[in-house]
Amino acid sequence: MSSPDTGLPPAPERESLGELVGELAQDLSRLMRQELELAKAEIREEAKKAGKAGGMLAGAGFAGYMTAVLLSLALVFALGAVLPLGWSALIVAALWGITGFALYSSGRTKLRQVAPKPERTVESLKEDAEWARHPTK
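Here the structure is a predicted model, which is why all the values come from computation and not from measurement.

Colleague: What is the right way to read the side chain of S72 from this model?
Modeller: Turning to its location among the elements, S72 is positioned in helix α1 (residues 17-79). A polar atom in the side chain of S72 sits 2.7 Å from the backbone oxygen of A68.

Colleague: What am I meant to see in the UniProt feature "transmembrane region" (unreviewed entry) in the protein here?
Modeller: Per the UniProt record, "transmembrane region" (unreviewed entry) is annotated on residues 57-79 and 85-104. End-to-end, the C-alpha atoms of residues 57-79 are 32 Å apart, and along that stretch the chain is 100% helix and 0% strand. Secondary structure across residues 85-104 divides into 100% helix and 0% strand, with the first and last C-alpha atoms of the span separated by 28 Å.

Colleague: Sorry, what's going on with the confidence of the model for the protein here?
Modeller: As a general rule, the predicted coordinates of low-pLDDT regions are not to be interpreted in detail. Averaged over all residues, the pLDDT of the protein is 85; the fraction at 70 or higher stands at 88%. Considering each helix and strand of the protein separately, the mean pLDDT is smallest for helix α3 (residues 119-133), with a value of 77, and largest for helix α2 (residues 85-112), with 95.

Colleague: In this structure, what is going on with the packing of α1 against α2? I would like to understand it.
Modeller: Helix packing geometry: the angle between the two helix axes and the distance between the axes. Running from N to C, α1 and α2 point in directions that differ by 140 degrees, and their axes come no closer than 8 Å. Comparing their axes, α2 and α1 come out oblique. Relative to α2, the crossing made by α1 is right-handed. Side by side, α1 and α2 meet where A68, S72, L75, V76, F77 and L79 of the first sit next to L85, S88, A89, I91, V92, L95 and W96 of the second. Within the contact of α1 with α2, the residues separate by chemical class into 11 nonpolar, 2 polar and no charged.

Colleague: What exactly am I supposed to notice about a nonpolar patch on the surface here?
Modeller: Residues L75, V82, L83, W87, L90, I91 and L95 make up a contiguous nonpolar surface patch of about 670 Å² in total accessible area. With 4 residues, the single largest contributor to the nonpolar patch is α2. Of note, L83 is situated in the loop between α1 and α2.

Quick notes on the rules
Residues numbered from 1 in each chain as written. Predicted model: local features only at pLDDT ≥ 70, side-chain atom pairs only at ≥ 80, totals over all residues. Heavy atoms only, no water. Helix = DSSP H or I, 4+ residues; strand = E, 2+ residues; numbered from the N terminus. Polar contact = N/O pair within 3.5 Å; in protein donor to acceptor, adjacent residues only side chain to side chain. UniProt positions renumbered as here; feature names shortened; annotations may be inferred. pLDDT = per-residue confidence, 0-100. Axes fitted to C-alpha atoms, helices over the stretch in contact; angles between N-to-C directions. Parallel < 35°, antiparallel > 145°, perpendicular 65-115°, else oblique. Left-handed = near helix turned anticlockwise from the far one by under 90°. Contact = heavy atoms within 4.5 Å. Nonpolar A, V, L, I, M, F, W, Y, C, P; charged D, E, K, R; others polar. Patch = residues over 30% accessible without salt bridge, like charges linked within 9 Å, V, L, I, M, F, W, Y side chains within 5 Å. Areas by Shrake-Rupley, 256 points an atom, 1.4 Å probe, with all protein chains shown as cover. Salt bridge = Lys/Arg side-chain N within 4 Å of Asp/Glu carboxyl O.

Put into structure tokens, the structure is as follows:
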């Protein structure tokens with residue numbers, strides 16, 4: 001069954017290089033599709049978890065908001081024991097205004113530090129594309 005001098009199967013049983021490259025391309029394409037489907041499934045699962053967590057955080061935010069409102073009213077009435085209610089409300093509103101400005105300034109500063117695009121991912125994708133063009137390098 002094999003050639004006596006090379007040890008390889010006879011020519012009709014060997015696949016051509018073109019066929020091997022074609023099979024490799026099909027296998028690589030199938031692998032990429034499967035990886036993409038796996039990534040989609042993982043993202044869907046994680047999105048569900050994130051949605052539930054987001055809902056809980058929204059509920060916590062609302063509870064915090066209500067707490068702040070009620071504590072603010074309590075402070076207005078507590079100050080109202082020594083000052084007119086109008087001045088008490090103005091003092092509490094000024095405190096909230098100062099707090100809001102401080103949070104706004106801090107948030108704006110941090111927002112300016114955010115990168116506009118994911119640099120490492122873009123670089124990795126460029127490397128992957130380069131490898132795909134020249135896989136033997």
